[in-house]
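# Observations on the three-dimensional arrangement
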Amino acid sequence: MADRITVIGWDGTPLTEAAGAALAAATLVAGAPYQLNALPVPEAAERITLGSIREAARRIAQHRGAAVVVAEGDPGFFGVVRTLRRPEFGLELEVLPAVSSVATAFARAGMPWEDAQVVSVHGGRLRRAANICRAHPKVAVLTAPGAGPAELALMLRGVHRTFVVCEALGTPDEDVTVLTSDRIADHVWRDPNVVLVIGGAAQSAVTEAAGWLAGRPVGYPGAERGWALPGDAYAGAGRVEGAPGAPESLPAHVRALVLARLGARPGDLVWSVGAGSGALAVEAARFGAAVVAVEGSRSACARLTVNARRYGVEVEAVYGSGPEVLGGLPEPDAAVVESGGLDVVRAVLARRPERFVALPRTLAEAEEVRRAIDGAGYRADGALLQATPLLPAGEGDGLALGAAGTGALVLWGEQIV
């Protein structure tokens, strides 16, 4: 193993005294070609062009002498340090960071960023990064070749955002461009870059109060502890939505089970079909997922938007009903059919979400839905939920059971791997 391994973060500014001394003493230097050309690498030092970090780590482990790895910005933040520190290489590092590219990007934009999400598209995660941008009003995206600003904007088509594209930060070729998302794909962008994706309905709901937890938006009005909130926490609760015979808003205990089976998480895209006033859609969004809610009543879509704003989350409301409205929607990771019938269930299953939930109205419909879930290659299960409230029996008499509510059928399925 090398006698000493120093990882230098470089943001284009002059090296610190410690970084300069480590580089001057190096017998092996690894970095990007532009870094090796721009920095005073000793003539006698072995040079490694960083492509595969693992290959570089193996070579460094075999080297005898002082090794230096040059990386961009803060190498401990979505950088090379994680790979170099893997136990298989046995490397002990001294890290000399510079300002991270994300911090520099927000500085160029003149924005605070303790409330921002930071995501990397490396490793084929462009779609999940796009879902984070759908769900959150302030996101920094670390791009990769073939997964840059243009590809990200195409993933977000139909979702209005402002892009701040920061190219070659800290170099003489630095360029910062601000465009709306619909104009991003018209340009050719240089790698590497950092993209700030800003905007959405939730952005206007965030106050200017100081936060305390990094990565979480601050100051949402009406934010409440817990989930599966009572129905009266949502505008339009209890109203009959859409076509005659459509259900009222889901009771809290039913929403709790549906949310557990959906397993919504950051980076996921959830469909809520027949969403009504959006209580379930809003709660899925509160778990950090991007949510598309499909509803055939314009008044319900309006109430859904009100509820999403109240809780400071992004829910894309799509007006329409029937299988045909689903064709233009982005691919779901999880989906729930709150109403719509067997044809809608089959259309949703055809898009292959990892997790699926349906709320049939009768046992006969439940059997048809279960067969559809099985036939689509999912492991099916279900339950009949019925809750009886506890009510005061009278002064000094303790509690009594209220009238039993109508039972709710819940069926779900998970893809068989």
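The preceding data block contains the structure.
Structural notes, computed from the coordinates. Being a predicted model, the structure only gives us computed values, none of them experimental.

### Some remarks on the overall build of the chain
- For the chain, the count of helices and strands is 14 helices and 19 strands.
- Long-range contacts, defined as pairs at least 24 residues apart, comprise 62% of the intrachain contacts of the chain with a sequence gap of at least 6.
- In the form shown here, the chain has an accessible surface area of approximately 20,000 Å², with 53% of it arising from carbon and sulfur atoms.

### A word on the pairing of strand β15 (residues 355–358)
- In this sheet, β15 lies alongside strand β14 (residues 334–337) in parallel orientation, the contact comprising four bridges. Counterpart to Ala334 in the pairing with β15 is Arg355.
- Read from β14 through helix α13 (residues 342–349) to β15, the crossover connection turns out right-handed.
- Here β15 runs beside strand β19 (residues 408–415); their pairing, made up of four bridges, is antiparallel. The residue bridging Phe356 from the neighbouring strand is Gly413, located in β19.

### A short note on the pairing of strand β13 (residues 315–319)
- Bridge count for strand β12 (residues 290–295) against β13 is five bridges, and the pairing is parallel. Residue pairing in the sheet places Val292 in a bridge with Glu316 of β13.
- For the crossover that starts at β12, traverses helix α12 (residues 298–310) and ends in the parallel β13, the hand is right-handed.

About the criteria used
Residues numbered from 1 in each chain as written. Predicted model: local features only at pLDDT ≥ 70, side-chain atom pairs only at ≥ 80, totals over all residues. Heavy atoms only, no water. Helix = DSSP H or I, 4+ residues; strand = E, 2+ residues; numbered from the N terminus. Contact = heavy atoms within 4.5 Å. Areas by Shrake-Rupley, 256 points an atom, 1.4 Å probe, with all protein chains shown as cover. Pairing = 2+ DSSP bridges. Right-handed = clockwise from strand over helix to strand, strands pointing away.

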